[in-house]
Each structure stands twice: as C-alpha cells, then as structure tokens.
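# Examination of the molecular architecture
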Amino acid sequence: MTTDTPTAPTPEGRAPLVGRAHELALLSAALDESAANEEMRAFLLAADAGVGKSRLVREAFALARQRGGRFASGGAYEGDSGRPFGPVVDLLRAARRGATSEVRAALDAAASTFADAADADPAASRWAQIDSVVDAIATAAEGERPLRVIAFEDLHWADESTLELISNVIRQLELVPVVVLATFRPPSRDANPLLGFIEAARTLPSSERIDLGPIPTTDAEQLVRAAAGEDVSEDA
C-alpha cells in the first residue's frame, strides 16, 4: 500500500517514520498555510515518554528544511528549576545557526534581556523579555532562509514562570509565519502548572493539540522490518 501523505527525508542510518502519517500531514500543511497566510500555527504534542514526541519534532524540522527554511528548539530538563527560562534562551541561541548578522543581533539582544533582568523590576522586565523574544523570532522569520519551525520541548519539566513566559510569547506570535511546537507528557496532577499553559494555548484559534499514542501493531512490524534492512516503502 502506498501513501500520498507528505514524508520527511530520512537521514541514512535512521529508521523511517511509521505510524505518524496523519500527524506528519498536519505539520506539512501547517507549514504551507503559515507561510501563505503569514500567521502562526501552534501544536501541542502530548505523549508519554518514549512514544515519539522528539522524533516527530525532528521530522517537522526536516519539512522546514525541504522548504528552504530554518528551525530551532529549546528544551526543559529534569531538575531545571535552577535554570528559569532555559528553554527560551536555548531556542534563541539555536536560532542563530544559519542566520544573517541582522537576525543574530536581534536574537542576541533578546537573550541578553534574561541576563540583565536580575536588577530590574520583575513585572516590567518580564514584558520586556516577551516583547524582545517575539520581535527576534519575527525578524528571524523573514528573509531568504526564514525561521519556519520553533519547538519548546519537554515542558513537563519547566517551572511555572517559564511556562507563563512561553505562553505569552506564543500568543504574541499570532501574525508571524512560523509553526510552534510544544511537547510535554500529559500532566497527572490537578495542581500541575502545565495545565494552565495547556488551557491558555487551547484558547488560541491557531493552536491544535495532538495526543500521540503507541504506533499501531502493523506499523510497529514495519519498523522491525526496516531495522532488519527490509524495504518498507510499500506494504507487501
């Protein structure tokens, strides 16, 4: 059986992506619609550990590369409470790769607002940071090799202040032609700050939640065959 759904290039040595044709088609269409309509598309990718959040993000990056665009990601880590806003700063630094000097200057200026915030008024500083990050991403989304996909990964490890800042950044990116991915494990506690982030993102008309489950058995068999070196481009 062949498929008409978009496929991202699979680097040599990496197993093909199976069981995610629908999700990949959504991301591919979102990239095209975002560029055509000059507006953001956001996806909340929820899944338990090991189900494939990171792999789907990498395939979205490959789709951006196919279209001549760039991508960047920043993630939270277990025990990240001592590194507030780490995912945002990491993303700004990653976005410098392949960017023009003008774009790198905007990204560096945004990143510097987090280093300069220690002695500033917290509320005023936070909004200055949000504005600076949004302006930098908007600048990076222009030009010959625009930033097309950004990803905030493993947000189940992020603290409340980081989640609040990312939520506000996403909201302010509404008219920027970029696809935003936010990955996390489904929260298990009512008091989890991630619940507020999810609810705020769901109110945006440009956002969509994707819940990833285990891949179907037939697709898992394809993956095993691919690992064994068999051709799985068509279903026998």
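Described in the following lines is the structure provided in the data block. (Residues numbered from 1 in each chain as written. Predicted model: local features only at pLDDT ≥ 70, side-chain atom pairs only at ≥ 80, totals over all residues. Heavy atoms only, no water.)

### Considering the overall build of the chain
The criterion, for reference: To qualify as a helix, a DSSP run of H or I must reach at least 4 residues; to qualify as a strand, a run of E must reach at least 2; elements of each kind are numbered from the N terminus. When a residue's accessible area, from a 1.4 Å probe over protein chains only, is under 20% of the maximum for its type it is buried; when over 50% it is exposed; and in between it is partly exposed. The contact criterion used throughout is that any non-hydrogen atoms of two residues lie within 4.5 Å. The method behind every accessible area is Shrake-Rupley, applied with a 1.4 Å probe, and residues are considered shielded solely by the protein chains displayed.
Tallying secondary structure elements over the chain gives 8 helices and 5 strands in all. Element order for the chain, N to C, with α for helix and β for strand: α-β-α-β-α-α-α-β-α-β-α-β-α. Considering the chain as a whole, with its 236 residues, one finds that 44% of them fall into the buried category. When contacts within the chain are restricted to residue pairs at least 6 apart in sequence, long-range pairs at least 24 apart make up 76% of them. Element-wise, carbon and sulfur atoms account for 49% of the exposed surface of the chain, whose accessible area totals about 11900 Å².

### Focus: the pattern of salt bridges
Rules: Basic side-chain nitrogens of Lys or Arg form a salt bridge, by our definition, when they fall within 4 Å of a carboxyl oxygen of Asp or Glu.
Counted according to the given criterion, the structure contains 8 salt bridges. Here Arg 67 ties to Asp 32 by a salt bridge, and the two come within 2.8 Å at their closest N and O atoms. With Arg 67 in the loop between helix 2 (53-66) and strand 2 (70-75) and Asp 32 in helix 1 (residues 21-37), this residue pair connects regions lying 35 residues apart in the sequence. A residue is classified by how much of its surface remains accessible, and Asp 32, at 41% relative accessible area, is partly exposed. Overlapping salt bridges bring together Glu 33, Arg 41 and Glu 208 as one network.

### Considering the packing of aromatic side chains
The criterion, for reference: Geometry of aromatic contacts follows a simple scheme: Phe, Tyr and Trp rings, the Trp one being its six-membered ring, pair when their centres are within 6.5 Å, and the pair is stacked under 30 degrees between planes, edge-to-face over 60, tilted otherwise.
Here the structure, examined in full by the defined rule, presents 2 aromatic pairs. Ring centres of Phe 61 and Phe 71 lie 4.4 Å apart, and the angle between their planes is 10°; on these two criteria the pair is classed as stacked. Of this pair, Phe 61 sits in helix 2 while Phe 71 is found in strand 2, placing the two residues 10 residues apart along the sequence. Across the pair, Phe 71 and Phe 61 agree in class, each one buried. Ring geometry for Phe 85 against Phe 114: centres 5.6 Å apart, planes inclined by 45°, an arrangement best described as tilted. Of the two residues, Phe 85 sits in the loop between strand 2 and helix 3 (86-94) while Phe 114 sits in helix 4 (residues 101-115), which places them 29 residues apart along the sequence. Pair check on accessibility: Phe 85 and Phe 114 agree, each one buried.

### Quick word on helix 7 (residues 194-202)
Condition: It is the directions from the helix axis to the C-beta atoms whose arc is reported.
Within helix 7, burial applies to Leu 194, Phe 197, Ile 198 and Ala 201. Axial view of helix 7: buried residues confined to an arc of 95°, hence all on one face. Of the surrounding secondary structure, the elements contacted by the buried residues of helix 7 are strand 1 (41-46), helix 6 (160-172), strand 4 (179-184) and strand 5 (207-211).

### Notes on the environment of Leu 92
For Leu 92, the location among the structural elements is in helix 3. In this structure the C-alpha to C-alpha distance between Leu 92 and Arg 104, which are 12 residues apart in sequence, comes to 9.0 Å. Leu 92 has contacts with Leu 107, Ala 110, Ala 111, Phe 114, Val 133 and Ala 136, leaving out every residue within four places of it along the chain.

### Here we look at the nonpolar core
Under the convention used in this document: As used here, the term nonpolar core means buried Ala, Val, Leu, Ile, Met, Phe, Trp, Tyr and Cys residues forming a set that is joined through side-chain atoms within 4.5 Å.
Of all hydrophobic cores here, the largest spans 47 residues; its most connected members are Leu 92, Ile 150, Leu 155, Leu 173, Val 180 and Phe 197. Residue assignment for this core shows that the elements contributing at least two residues are strand 1, helix 3, helix 4, helix 5 (122-140), strand 3 (147-153), helix 6, strand 4 and helix 7. The element contributing the most residues to this core is helix 5, with 6 residues. When neighbours within four sequence positions are excluded, Leu 173 is seen to be in contact with Met 40, Val 134, Ile 137, Ile 150 and Val 180. The next biggest cluster of nonpolar side chains, apart from the first, holds 20 residues, and it includes Leu 24, Leu 27, Leu 31 and Leu 56.

### Comments concerning the packing of helix 1 against helix 2
As a reminder, the rule being used: Axis lines are fitted through C-alpha atoms, for helices just across the contact stretch, and the angle between N-to-C directions can take any value from 0 to 180 degrees. Crossing chirality is assigned from the near helix's rotation relative to the far helix, an anticlockwise turn below a right angle marking it left-handed and a clockwise turn marking it right-handed. Each residue is assigned to one of three groups, with Ala, Val, Leu, Ile, Met, Phe, Trp, Tyr, Cys and Pro labelled nonpolar, Asp, Glu, Lys and Arg labelled charged, and all others, Gly among them, labelled polar.
At a minimum axis distance of 10 Å, the contact between helix 1 and helix 2 shows a crossing angle of 35°. The hand of the helix 1/helix 2 crossing is right-handed. Where helix 1 abuts helix 2, its residues Glu 23, Leu 24, Leu 27, Ser 28 and Leu 31 lie against Leu 56, Glu 59, Ala 60, Leu 63 and Ala 64. Grouping the constituent residues of the contact of helix 1 with helix 2 by class yields 7 nonpolar, 1 polar and 2 charged.

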